[in-house]
Amino acid sequence: MRKTTALAAMLLATSALIGGCDQVKQVVTGQSEVKEAPYPERVYWGDTHLHTANSPDAFGFGNRLEPEAALRFAKGEEVTSSTGIKAKLARPLDFLVITDHSDGFASIKDLYNAPRSFITHPTMLRWYDMMHESPEQSIKAVGEIIDAKAKNNLPPELLNPEGAAERLKNNWRAHIATVERYNDPGNFTAFLGFEYTLMNRGNNLHRNVIFRDGGNRVAQVLPIASNNTIVPDGLWDYLDAYEKKTGGKALTIPHNSNLSNGEMFMLTDPSGGPMSAEYARRRAAREPIVEITQIKGDSESHPFMSPNDEFASYGDAGWELGNLDFSEKTTPDMQPGSYVREALKRGLLIQQRTGENPYKYGVIGSTDSHTSLSTADDDNFFGKHPGAEPSDKRVTRSQGLGRHDERQGWNYLSSGYAAVWATANTRAAIFDAMMRKEVYATTGPRMVLRVFGGWDFKADDLKSDWVKAGYQRGVPMGGTLKAGSGVPSFVISALKDPQGANLDRVQVVKGWVDASGQAQEKIFDVVWSDMDKRAAVGGKVPAVGDTVDTATATYQNSIGAPSLATVWSDPEFDPKQRAFYYVRVLEIPTPSWVNYDMVRFKLTLDPKIPLKQQERGYTSPIWYNPA
Amino acid sequence: MALKDSARRLLREPLVHFLIAGALVFTLLSGRAPDLGERRIVVDERVVGALVGRFYDSFRRMPTKDETDGLIRDWVADQVYYREALSLGLDEGDEVVVRRMRRKMEAMAVADAETKTPSDAELQALIDKDPARYAEDPQTSFEQVYIGADTPQNRSMAEVQLARLRKGEAVSGPPIPIPARFDKASGHEISSAFGDEFTLGLRNVAPGQWTGPIASGLGLHLVKVSARGASQQPVLSKVRQRVENDWRAAATARAQAEAYARMLKGYDVVIELPK
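Since we're looking at a predicted model, the values are computed, not measured.

Trainee: Tell me about the overall build of chain B, residues and numbers included.
Mentor: When helices and strands are tallied, chain B shows 11 helices and 4 strands. Of all 275 residues assigned to chain B, the portion counted as buried reaches 20%. Sequence separation of 24 or more characterises 69% of the internal contacts of chain B that already satisfy a separation of 6 or more.

Trainee: Could you give an account of unusual backbone geometry, naming the residues involved and the relevant values?
Mentor: Omega for the peptide link from S415 of chain A to G416 of chain A comes to -5°, which places this bond in the cis form. Positionally, G416 of chain A belongs in the loop between β13 (362-365) and β14 (417-422). Omega for the peptide link from G212 of chain B to P213 of chain B comes to 0°, which places this bond in the cis form. Take P213 of chain B: it is sitting in strand β3 (residues 211-216). With a phi angle near 50°, R201 of chain A is a residue other than glycine that sits in the positive phi range.

Trainee: Please give an account of the sheet that holds strand β1 (residues 140-148) of chain B that cites residues and values.
Mentor: Residue and element names in this part refer to chain B. Taken together, 4 strands build an open sheet; the order of strands is β2-β1-β4-β3 and the sheet is antiparallel. What marks the edges here is a single partner per strand, and that holds for β2 (181-185) and β3. Geometrically, the sheet is characterised by an average inter-axis angle of 35° between neighbouring strands, direction not taken into account. As paired strands, β1 and β2 are joined by 3 bridges and run antiparallel to one another. Residue pairing across strands places F142 opposite F182, the latter belonging to β2. Against the sheet, helix α8 (residues 152-166) touches β1, β3 and β4 (219-228), its axis set at about 35° to β4.

Trainee: Report on the sheet that holds strand β10 (residues 250-254) of chain A, specifying residues and quantitative values.
Mentor: All names here are of chain A. Read across the open sheet, the 3 strands follow the order β6-β9-β10; overall the sheet is antiparallel. Two strands close off the open sheet at either side, each with one partner strand: β6 (193-196) and β10. The mean inter-strand angle of the sheet, taken between neighbouring strand axes irrespective of direction, is 20°. Bridge count between β6 and strand β9 (residues 207-211): 4 bridges; the pairing is antiparallel.

Trainee: Report on helix α9 (residues 187-194) of chain B, specifying residues and quantitative values.
Mentor: The complete set of buried residues in α9 of chain B reads I190, S191, S192, A193 and F194 of chain B. In this structure, the buried side of α9 of chain B is in contact with β1 (42-50) of chain A together with β1, β2, α10 (196-203) and β3 of chain B. Positive backbone phi, approximately 95°, marks G195 of chain B, located one or two places after α9 of chain B.

Trainee: Please give an account of the domain arrangement of chain A that cites residues and values.
Mentor: Residues and elements named next belong to chain A. Taken domain by domain, chain A consists of domain 1 (40-439) and domain 2 (447-624). Placing the centre of domain 1 and that of domain 2 at their C-alpha centroids yields a distance of 27 Å. Opposite the 31 residues of domain 1 that make contact, domain 2 presents 30 residues. The set of elements that each furnish at least two residues to the side of domain 1 that touches domain 2 consists of α13 (340-354) and β13. The class makeup of the residues in the side of domain 1 that touches domain 2 is 13 nonpolar, 5 polar and 13 charged.

Trainee: Tell me about the environment of G453 of chain A, residues and numbers included.
Mentor: Residue and element names in this part refer to chain A. Along the chain, G453 turns up in strand β16 (residues 448-454). A residue is classified by how many C-beta atoms lie within 10 Å of it, and G453, with 27 of them, is buried. Residues G453 and D237 lie 216 residues apart in sequence; the distance between their C-alpha atoms is 35 Å. In this structure, G453 is in contact with G474, V475, G479, L481, P488, F490, Y581 and I622, ignoring residues within four places of it in sequence.

Cut-offs applied
Residues numbered from 1 in each chain as written. Chains lettered and ligands numbered in written order. Predicted model: local features only at pLDDT ≥ 70, side-chain atom pairs only at ≥ 80, totals over all residues. Helix = DSSP H or I, 4+ residues; strand = E, 2+ residues; numbered from the N terminus. Buried ≥ 20, exposed ≤ 12 C-beta atoms within 10 Å, placed from the backbone. Contact = placed C-beta atoms within 7 Å. Pairing = 2+ DSSP bridges. Axes fitted to C-alpha atoms, helices over the stretch in contact; angles between N-to-C directions. Domains from an automatic or database assignment. Nonpolar A, V, L, I, M, F, W, Y, C, P; charged D, E, K, R; others polar.

Take a look at the structure:
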């Protein structure tokens with residue numbers, strides 16, 4: 001009898017039937033207690049943004065890899081991608097957050113697997129037929145689904161928590177059970193989370209949610225859908241209620257501000273009125289960090305706001321032209337609200353006015369991959385979704401889902417990862433490091449970056465135990481300078497990825513509010529390779545050179561330096577001016593994934609398509625508040 | 001509205017699911033030809049409910065009697081065509097139909113494996129097959145002094161610095177953001193900081209005195225290993241979760257492969273080469 005039921009259930013794939021007995025399992029680690037370091041001694045690498053077959057769009061794109069495959073891949077196991085390619089990370093990750101869309105969580109998978117006669121909604125039936133017809137039609141169906149979502153026009157059956165409550169509950173619990181099985185404190189941290197796909201007319205306001213807790217707490221709630229809301233308050237209410245109900249903790253991470261047409265980091269509140277101190281406080285408390293770089297472009301900076309920054313345009317091409325679904329073109333006046341550097345500046349301005357800084361962001365990178373595969377290495381890049389997995393077509397294929405042609409495959413970045421200075425590899429330690437913003441972003445390479453800010457650091461500090469001194473006499477990245485006098489000084493140390501390229505330079509990006517109340521920015525080159533041979537000209541350090549051979553997609557570490565360190569004091573410090581300082585580290589030029597594809601598939605590409613890049617790391621800022 | 005509601009309610013009934021599913025199972029397990037020779041098409045409440053419900057979703061009103069009759073006539077036509085098409089074998093060579101059926105069969109095959117629990121003996125057998133995979137990484141405690149990039153100049157410098165270290169003098173190299181001292185570090189941890197090359201190099205270093213230089217992805221290092229743990233046999237109670245995860249992943253893959261192999265046995269696959 002039991003067997004027949006299971007068969008029936010599988011045929012129907014209404015997971016409601018198998019879900020009844022599905023208890024969320026407590027993790028049995030069997031290991032001894034995980035030892036915590038007195039202060040963070042090593043950096044942990046992870047991806048806070050990954051989609052599996054449970055995400056409606058990922059499934060529609062052809063992703064058939066469930067969360068288990070995603071977890072095994074992140075831990076370093078070989079898996080077979082949805083398009084049949086063997087995939088393995090050169091180096092495993094230390095942690096992973098699977099963030100499937102809560103809007104329609106697992107719904108397209110269930111729709112696809114349902115008997116056709118059960119589908120009553122004409123649009124859903126149409127998508128059902130398209131998905132079953134061919135991969136091309138399936139991708140077109142996803143285009144329609146994303147459009148409908150952007151227009152807040154999805155069939156209620158896909159979202160409606162009433163009709164779908166049972167289905168959602170069972171899918172969510174199955175997901176929790178899998179994640180619990182793979183969370184291995186001390187060795188590999190698997191977080192519970194989801195993506196809240198908030199959008200206003202195609203303007204990307206998406207947030208990822210990360211829970212600090214295990215399944216015993218998280219299973220007490222269901223992932224909340226953004227439905228038709230256009231402000232994040234509903235999510236924050238939900239998380240407040242979650243914390244109150246369970247005693248747990250959660251944070252949210254906004255991403256792809258570069259596709260928000262200025263709405264992610266507004267100077268006003270979402271309705272256009274003046275931002276209240278209460279809104280600013282609530283946002284800052286819930287959103288300690290922001291995802292600054294990922295496959296769909298880099299959101300650090302844009303030449304429109306930073307014309308003097310010759311490195312500002314990295315990862316902007318294609319993405320800067322419109323919002324997420326391209327329903328609205330981007331105009332220059334929208335750009336300031338879409339990039340993180342500007343957000344940090346706006347945060348100071350709002351703090352000046354209200355006393356609260358809503359955009360006091362630490363930064364991380366992540367992939368937002370929809371393939372279940374967290375890849376950010378250019379020589380092993382599995383793309384944004386199964387339609388962009390390695391093939392001879394992906395570089396030049398339009399990514400407009402049949403609606404527009406402005407964005408093509410090569411606009412994708414093989415980016416990025418989240419680096420976390422935590423005291424142990426556990427949910428609690430990594431989450432807490434994120435809350436205190438002791439984190440940084442890279443576009444993929446695993447370079448090690450440390451920064452401490454204080455009032456009395458001198459060059460000599462680097463000769464002794466400067467890390468210990470940094471914690472004792474200063475604050476690490478993500479912190480706010482303690483009260484002090486004189487000029488703030490920063491201990492900065494950068495180390496290349498042990499399996500990657502040398503470093504070109506280390507820069508400090510400073511933002512401040514001047515005497516007239518205007519936000520300003522300036523970039524200081526503070527230490528670089530071959531300083532004796534590369535003297536700054538007109539305040540700018542000359543380019544490091546270029547060893548990339550695009551014919552073979554190779555480079556040489558014959559230029560640049562493996563490590564760069566300095567103690568830097570702000571020569572323009574004004575104690576009356578509110579400021580932030582973050583570090584940007586550039587690698588020497590290396591081949592991009594497009595170049596590796598070109599060699600691998602013997603492609604002839606339009607010369608306008610870039611084949612190399614300077615990958616980089618961004619640290620969380622250190623802030624200064626006048627007394 | 002009332003009809004739609006009752007149809008909806010009906011469709012949520014597990015019993016109804018079960019009956020339909022049972023019929024499908026029977027059909028699938030019995031080979032092909034869903035009509036089983038029975039030339040009967042039943043229009044019951046469920047069918048009408050679904051048709052009316054779909055109409056309502058499209059037009060936001062209930063269909064008139066004529067419209068309902070039209071929906072039913074069309075549904076009957078679907079069934080007649082479907083059965084006739086199957087009897088003519090029109091599903092054959094249709095990739096969409098073929099893939100869909102295959103996916104359903106594959107899902108059936110793994111359903112059982114997903115709910116099974118392995119015995120301790122099974123898990124132990126898995127460990128015994130590849131003990132190294134589950135063994136705790138041997139832990140190494142060591143100090144390292146970073147010299148810089150691997151250049152001839154730095155290699156000579158390493159010699160000088162090594163001599164000083166061996167005399168007990170304090171030596172420091174360029175500052176880097178990874179610790180000078182590692183306490184009981186696993187191979188994974190060491191590789192993560194220095195790269196695999198260094199981890200391998202470190203393995204051959206005799207404990208107790210400064211030696212080097214050892215090369216890493218960062219350049220050259222002088223090292224002193226103070227203690228090295230032995231590789232220990234993995235104990236099931238400590239690695240149960242990992243082994244069980246592997247067991248389950250393997251069991252699912254195996255169930256699918258075995259189910260296919262079983263079915264394949266019933267077929268003669270003949271490869272006809274062109275003459």
